[in-house]
Amino acid sequence: MAAPTAPARTRRQLPTTPWLFAAPGLLVTGAFVLYPFVSTVVNSFTDRRTLLPGRFVGLANYRELLHDDMFWTGLRNSTLYIAGVVPALVVLPLLLALLVHRNIPGITFFRSAFYTPVVASIVVVGLIWVWLLDERGLVNSLLQAVGVGRVGFLSDQWLLLLSAMAVTVWKGLGYYMVIYLAALANVPRELHEAAAVDGAGPVRRFLTVTVPAVRSTMVLVAALSSVAAFKVFSEVYLMAGPSGGPAGEDTTLVMLVQRTGTGLTGRVGYASALSVVVFAVTVALMLLVLRADRGEES
C-alpha cells in the first residue's frame, strides 16, 4: 500500500493542529478570565461570605445597592475621576508626542525620561507623591516658604481626589505618548508641507492636519483611559488609605469592592454584585465612546 502523500497528511492534520496551538491560551483564559467572571456573576445572586457558601437571594444584593450610600459615593468619585482624567490623558500625551516626534540629537533621552513613570511601580509612585504632598512634605514646605501656607492635599476631600487624579495623569502620560508617536509616524509629511505652503501656522496645522489624522487614536486613548479611570484603585488607596479619605468620602467603586469582599467576614455576594455593576458601566463607557466616534464619522 502506497504511503500517503504530503498533501494528504497535511489535510488530516489541519482539524486538530490549530487547536493544539490555541490550547494553552484557551486554558489560561478559561481558568483566569472566564471562570472568575462566571463565578462572580453567580455569586452576585447569593449571600455568600468568605467562609460560608451562601444561598440564592435573587436580586437582593442589587436592590441593596440602590440604598447603599457608600455605593453612590463610590459611583460619584469614579465618575468624577473619568471627567478629570480622561480629557487630560487625551490631549496632553498628544502634545508631548509632538514635542518628541522630531528626530533630533538627544531626543531618545527625553522619550525615555517621559516613559519612566509608566514602568515604575504604582506603589513606589504613590508613596513618592504621598511624601511630596504630605503636611510636612516638599510641596507644603515650598508653599510655606513663599508665604502661601500649608495645604491639606491629603486631608481635604476634594484636594485628595484631585491629587490622585494628578498622579494618574502623570503616570499615564508616557504610555499614551507612545501610542500617539506610532500614529504620528503614519501622518504623511506632505500634508503638513501643503498646509504650510497655503499659509497655515503651527496651530492651524495641528488642528487641520494632525488632529484629523490621529482622531481614531484619540478615540482609542479615550476608551482605554475611561475604563482605567473608572476602575481606579491604587492611586486613591495609597493616598487616601484603606478608609477612603476623610469619612470615606474619597472611596471609589473598586475600593468598595475590595473593602466589602475581603477579610474573614467579607460579603462576597455583595462585592460580586458591585463588580458586575463596575463591569456593566465599563462596557457602557466603551460603547458610548465608539458610538460617538461613529457619529462624528457619519
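Residues numbered from 1 in each chain as written. Predicted model: local features only at pLDDT ≥ 70, side-chain atom pairs only at ≥ 80, totals over all residues. Heavy atoms only, no water.

Draft legend 1. Looking closely at the packing of aromatic side chains. Inspection of the entire model under this criterion finds seven aromatic pairs. Relative to Tyr-62, the ring of Phe-45 lies with its centre 5.7 Å away and its plane at 50 degrees, an arrangement referred to as tilted. Residue Phe-45 is found in the loop between helix H2 (17–43) and helix H3 (60–66), and its partner Tyr-62 is found in helix H3; the two are separated by 17 residues along the sequence. Judged by its relative accessible area of 27%, Phe-45 is partly exposed. For Tyr-62, a relative accessible area of 18% translates into the label buried. Cation over ring: Arg-267 sits above Tyr-270, and NZ or CZ is 4.6 Å from the ring centre. (Phe/Tyr/Trp six-rings, centres within 6.5 Å; stacked < 30°, edge-to-face > 60°. Helix = DSSP H or I, 4+ residues; strand = E, 2+ residues; numbered from the N terminus. Buried < 20%, exposed > 50% of the residue type's maximum accessible area, 1.4 Å probe, protein only. Lys NZ or Arg CZ within 6 Å of the ring centre and 35° of its normal.)

Draft legend 2. Up close: the layout of surface pockets. Each pocket or cavity is described by its volume, and for the largest pocket that value is around 670 Å³. Along the wall of the largest pocket there are 17 residues; nearest its centre are Leu-98, His-101, Arg-102, Arg-189 and His-192. The set of elements that each furnish at least two residues to the lining of the largest pocket consists of helix H4 (69–100), helix H9 (189–197) and helix H10 (202–213). Along the lines of polarity and charge, the residues of the lining of the largest pocket split into nine nonpolar, four polar and four charged. (1 Å grid on protein atoms, 1.4 Å probe; cavity = no way out; pocket = protein on both sides within 12 Å on 5 of 7 lines; lining within 4 Å. Points joined across faces, edges and corners; volume = space filled by probe spheres on them. Nonpolar A, V, L, I, M, F, W, Y, C, P; charged D, E, K, R; others polar.)

Draft legend 3. How the structure looks around the pattern of salt bridges. Taken as a whole and judged by the stated rule, the model has three salt bridges. The salt bridge partner of Glu-64 is Arg-267, with a shortest N-O separation of 2.9 Å. Placement of the pair is Glu-64 in helix H3 and Arg-267 in the loop between helix H13 (253–261) and helix H14 (268–297), with a sequence separation of 203 residues. Since its relative accessible area comes to 31%, Glu-64 is described here as partly exposed. Arg-267 gets classed as partly exposed once you look at its relative accessible area, which sits at 28%. (Salt bridge = Lys/Arg side-chain N within 4 Å of Asp/Glu carboxyl O.)

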